[in-house]
Amino acid sequence: MPDTPASDTPTPPPSKLSTLTIRSFPLSRLTTGAKLFLILSAALLPLAIIAVFATLQTTRLADAESRARLRIAATESARAIAIELVGDMTALRVAVQALGSDAADAPSCARAQGVFAQQASAGARFAITDRRGRLLCGVPLPSATPADSDAPIAAAIVPDQGVVLSIAEARSDITARAFFPEDFLRRLGRPSSRANTFSSVLLLDDQQLELEPVPGDGILRRMESLRTELGIGGLVLATAVSSAPITSSLVIAMMLPLLMWVAAAGIAWFVVDRLLLRPLRQLRASVAAYTPGEVIDSHATSLPAQEIRELGETFRTISQTVATHEAGLEEGLRRQTKLTREVHHRVKNNLQVIASLIAFHARSARSADATAAYASIQRRVDALAVVHRHHFAELEEHRGLNMRTMIGELASNIRATASERSQAVGITLDVDAFLVNQDVAVAVAFLVTEIVELAGGCDGAAQIKVSLKPADVPERAVLRVVSRALVDGDTLRDLATHRYGRVMEGLSRQLRSKLHHDPLAGAYEIAIAVLGRD
């Protein structure tokens, strides 16, 4: 099948896993302890809510039971008061009608007094008067007068005393009023069952007469109230009964599920944090602070989980193994360093012996050419000795060979070993303190020696300037040797062709750069690799 172009391949929709990862990224920023606390809280919260709702439902059932008891008590109380008041006022109505026909009807008055005889001990009394206010029957009553009403019986409340009811005979203008004291009405309205705190108040418009007060009214007390019409002069009996109060036990019962929810989440987080997370953090800190050669302290105690203690012991064992291995490597390195120093010391001594032998043979040479040849060889051995001595010092500091000090010492050795024909050769240095490795230093030392030898061979009084300056390319420097003796001429071409040219070309290849010669200015220059500045 032919390959489908990449541009025609439909882009697959993002997977659900990647979407979930992106959406849950803020949660990933939380610590494990915080994640655990949130997860446990979310898991236990429904149980706490169910427990709270169960407590509230129990409270509602208790309130419903209180309302049922209130209806029974209110109906009983209102019926008892209404029956008594209606019966008394009916007797008064009969007496009013009889006295309306005959104001001197003593039997009718006596019958009314007989009806009120039983209530007289409680303070109930009545009075029947004519249009002029003359008392026909009964005793004087409080001054409260019921308001005019179209109802058969009018009512008025005497504050803190009782209730006054009145009926009138329109044909004879005779009025009968009855006074029922507060204590009398309280006894009438008291229900037979008083398991709960019961209160009752007679209401008439904006007036009220408290029959059964509610003791100890508090901010947490809850009441169920009910209003019942008595059907007498607009009187209303308002009754109330205490429902299940908001007590400390109820508050604790409602708050306990929430407290248990918080406690369960907190205890679970505390246990996991102390058994798992905190030991892991301590172990991580110990591993993060670990340096080779030390032994990791795993903080193993009896509190963390067994697996974490075993993990800590594993890290401790590994660190002990690494420490032992590091100690062996360090000991081997010390032995190798001592051996390397011994080798360098012997190489240096051997180079000094070779230089001494060359000098000894030079002094016993029978011709000037042989002496010059020995001196040339000795200068090259000295160049190699200078590089080796500086390299041995570099091994102690691990920085690189300083070209300024090395070329300065090399120039001093060249002047010291110059032949009689080259005694007037002068060397001027302008070398920056660049650092190079040993391979570059050896090649540069031999190259400078060869160029100085070439200049001295062309002119015994040559003045030579050696410079080392930064190049245009980073980590490179330009070595430049300038002298009038190096200006193009027959002697220079002959020496360069038959004696010095091949060596200089080989050294430039070792430096991996091209050696340039300016025949007009009399200069050789080459770019060398450097490690930096001292």
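If you're wondering where the values come from, they're calculated on a predicted model, not measured in any experiment.

With that settled, the discussion passes to the state of the cysteines. The full count for this structure, using the stated rule, is 1 disulfide. Between the sulfur atoms of C109 and its disulfide partner C137 the distance amounts to 1.7 Å. Handedness here is read from the sign of the S-S torsion; for C109 and C137, about 85°, the answer is right-handed. Linking C109 in helix α4 (residues 106-115) with C137 in strand β2 (residues 135-138), this pair joins segments that are 28 residues apart in sequence. Classification of C137 as buried rests on a relative accessible area of 2%.

Right, let's talk about the environment of N402 for a bit. By secondary structure assignment, the location of N402 is in strand β10 (residues 401-402). The exposure class assigned to N402 is buried, which follows from its relative accessible area of 13%. For the pair N402 and D432, spaced 30 residues apart in sequence, the C-alpha separation works out to 9.1 Å. With residues up to four places along the chain from it excluded, the contact list for N402 reads A433, F434, L435 and D534. From its side chain, N402 meets the backbone nitrogen of R404 in a polar contact 2.9 Å long.

One finds M403, M406, V444, L447, L479 and I528 to be the most contacted residues of the largest nonpolar core, which totals 47 residues. Here this core gets 12 residues from one element, more than from any other, and that element is helix α11 (residues 438-458). Residues contacting M403, with those up to four places away along its chain left out, are G408, V431, F434, V436, V444 and L468. Judged by nonpolar contacts, the second largest core, of 39 residues, contains F116, I128, I232 and L237.

A separate point is a nonpolar patch on the surface. There is a patch of nonpolar side chains on the surface, built from L30, F37, L38, I267, W269, F270, V271, L275 and L276 and spanning about 740 Å² of accessible area. Listed by contribution, the elements that provide at least two residues to the nonpolar patch are α3 (32-101) and α7 (248-288). A per-element tally of the nonpolar patch places α7 first, with 6 residues. With respect to the secondary-structure elements, L275 resides in helix α7.

Cut-off values and rules
Residues numbered from 1 in each chain as written. Predicted model: local features only at pLDDT ≥ 70, side-chain atom pairs only at ≥ 80, totals over all residues. Heavy atoms only, no water. Disulfide = S-S within 2.5 Å. Helix = DSSP H or I, 4+ residues; strand = E, 2+ residues; numbered from the N terminus. Buried < 20%, exposed > 50% of the residue type's maximum accessible area, 1.4 Å probe, protein only. Contact = heavy atoms within 4.5 Å. Polar contact = N/O pair within 3.5 Å; in protein donor to acceptor, adjacent residues only side chain to side chain. Core = buried A, V, L, I, M, F, W, Y, C linked by side-chain atoms within 4.5 Å. Patch = residues over 30% accessible without salt bridge, like charges linked within 9 Å, V, L, I, M, F, W, Y side chains within 5 Å. Areas by Shrake-Rupley, 256 points an atom, 1.4 Å probe, with all protein chains shown as cover. Salt bridge = Lys/Arg side-chain N within 4 Å of Asp/Glu carboxyl O.

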